[in-house]
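Working through the structure, step by step
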Amino acid sequence: MTAEKLPAPKISTRVWQRMLSGRRLDLLDPSPLDIEIADIAHGLARVARWNGQTRGAHIFSVAQHTLLVEAVMREQTPRVDVRFRLAALLHDAPEYVIGDMISPFKAVLGGDYKAVEKRLLAAIHIRFGLPPVLGPEIERQIKDADRGAAYLEATELAGFAQAEAKRLFGRDPGLPMPTQRDYLTPWTAAKAEKRFLERFKALAGSS
């Protein structure tokens with residue numbers, strides 16, 4: 001199974017982004033060879049979750065969110081293959097290129113955004129030795145962990161009442177309190193980038 005191919009743009013325009021590594025990533029036909037984990041970590045550490053509408057001295061970054069999701073997945077499915085814990089860490093990696101859009105706005109944009117996102121994620125997976133498209137059971141487990149992380153972020157950082165968060169995102173995932181306190185204290189961009197890279201290396205080295 002492969003990600004869907006996107007049509008070429010109808011007008012002459014730039015559809016690539018240059019990364020700090022020097023790589024030039026084509027958004028419509030991304031090559032795994034143009035993907036570097038350092039670029040992903042740097043970008044995600046500087047992209048704000050919840051459109052920046054969170055408490056704390058720093059933004060709550062997508063990098064920190066992905067670490068929280070992987071921690072929730074470890075709590076919910078402790079025996080899951082380490083490769084799929086790596087997939088959980090990378091589940092929002094396309095946002096280092098396309099940014100983080102809140103779910104309501106994604107719904108407004110429709111299929112084109114999702115097609116670009118899926119194509120980028122498939123290339124990222126290939127780059128780091130994962131299947132281009134994950135199986136439905138692993139997708140479900142990552143989604144459950146993502147929703148659990150969203151519940152914690154919503155109630156602790158984004159001003160949601162518990163009842164509203166439960167209706168939108170499901171139940172509290174029950175992380176141990178020291179872990180929850182650490183991951184829900186917004187970090188500096190430099191710390192988020194460092195922690196993301198450290199966790200990536202630990203998971204990639206074990207897979």
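Read on for an overview of the structure. (Residues numbered from 1 in each chain as written. Predicted model: local features only at pLDDT ≥ 70, side-chain atom pairs only at ≥ 80, totals over all residues. Heavy atoms only, no water.)

Section: the pattern of salt bridges
A complete count under the given rule lists 14 salt bridges for this structure. Of the charged contacts, one joins E153 and R49 as a salt bridge, the two residues approaching to 2.8 Å between their closest N and O atoms. Taken as a pair, E153 in helix α7 (residues 136-156) and R49 in the loop between α1 (37-44) and α2 (62-76) lie far apart in primary sequence, 104 residues in all. By relative accessible area, which is 0% here, E153 ends up buried. Take R49: its relative accessible area is 11%, and that puts it in the buried class. (Salt bridge = Lys/Arg side-chain N within 4 Å of Asp/Glu carboxyl O. Helix = DSSP H or I, 4+ residues; strand = E, 2+ residues; numbered from the N terminus. Buried < 20%, exposed > 50% of the residue type's maximum accessible area, 1.4 Å probe, protein only.)

A word on the nonpolar core
Counting 60 residues, the largest nonpolar core has I40, L68, L90, Y96 and F196 as the members making the most contacts within it. Those elements that provide at least two residues to this core are α1, α2, α3 (82-89), α4 (95-98), α6 (111-127), α7, α8 (162-169) and α10 (189-206). Not counting the four nearest positions on each side in its chain, F196 is found in contact with I37, I40, A41, L44, A63, T66, L67, L89 and L90. (Core = buried A, V, L, I, M, F, W, Y, C linked by side-chain atoms within 4.5 Å. Contact = heavy atoms within 4.5 Å.)

What about the environment of L134?
Within the secondary structure layout, L134 lies in the loop between α6 and α7. By relative accessible area, L134 is classed as buried at 9%. Note: C-alpha distance between L134 and F84 (50 residues apart in sequence) is 8.8 Å.

Section: the packing of aromatic side chains
Tallying each qualifying case throughout the model produces five aromatic pairs. An angle of 50° between the planes, with centres 6.0 Å apart, marks the rings of Y183 and W187 as tilted. Residue class for Y183 comes out buried when judged on its relative accessible area of 9%. A network of ring pairs unites the aromatic residues W50, F160 and F169 as a single cluster. (Phe/Tyr/Trp six-rings, centres within 6.5 Å; stacked < 30°, edge-to-face > 60°.)

What about unusual backbone geometry?
Residues apart from glycine generally show negative phi values, whereas peptide bonds are mostly found in trans. One non-glycine residue with positive phi stands out, namely W50, at about 60°. By secondary structure assignment, the location of W50 is in the loop between α1 and α2. Notably, N51 is not glycine yet its phi reads approximately 55°, a positive angle. For N51, the position within the fold is in the loop between α1 and α2.

Thoughts on α1
With six of its eight residues buried, α1 lies for the most part within the structure. Listing the buried residues of α1 in full gives I37, D39, I40, A41, G43 and L44.

Points about the packing of α2 against α10
Where α2 contacts α10, the axes come no closer than 9 Å and their chain directions differ by 40°. Here α10 runs oblique to α2, going by the angle between their axes. Like other packed secondary-structure pairs, α2 and α10 cross with a definite hand, here left-handed. For the pair formed by α2 and α10, the contact residues are A63, T66, L67, E70 and R74 on the first element and A192, R195, F196, R199 and L203 on the second. For the contact of α2 with α10, a count of residues per class yields five nonpolar, one polar and four charged. (Axes fitted to C-alpha atoms, helices over the stretch in contact; angles between N-to-C directions. Parallel < 35°, antiparallel > 145°, perpendicular 65-115°, else oblique. Left-handed = near helix turned anticlockwise from the far one by under 90°. Nonpolar A, V, L, I, M, F, W, Y, C, P; charged D, E, K, R; others polar.)

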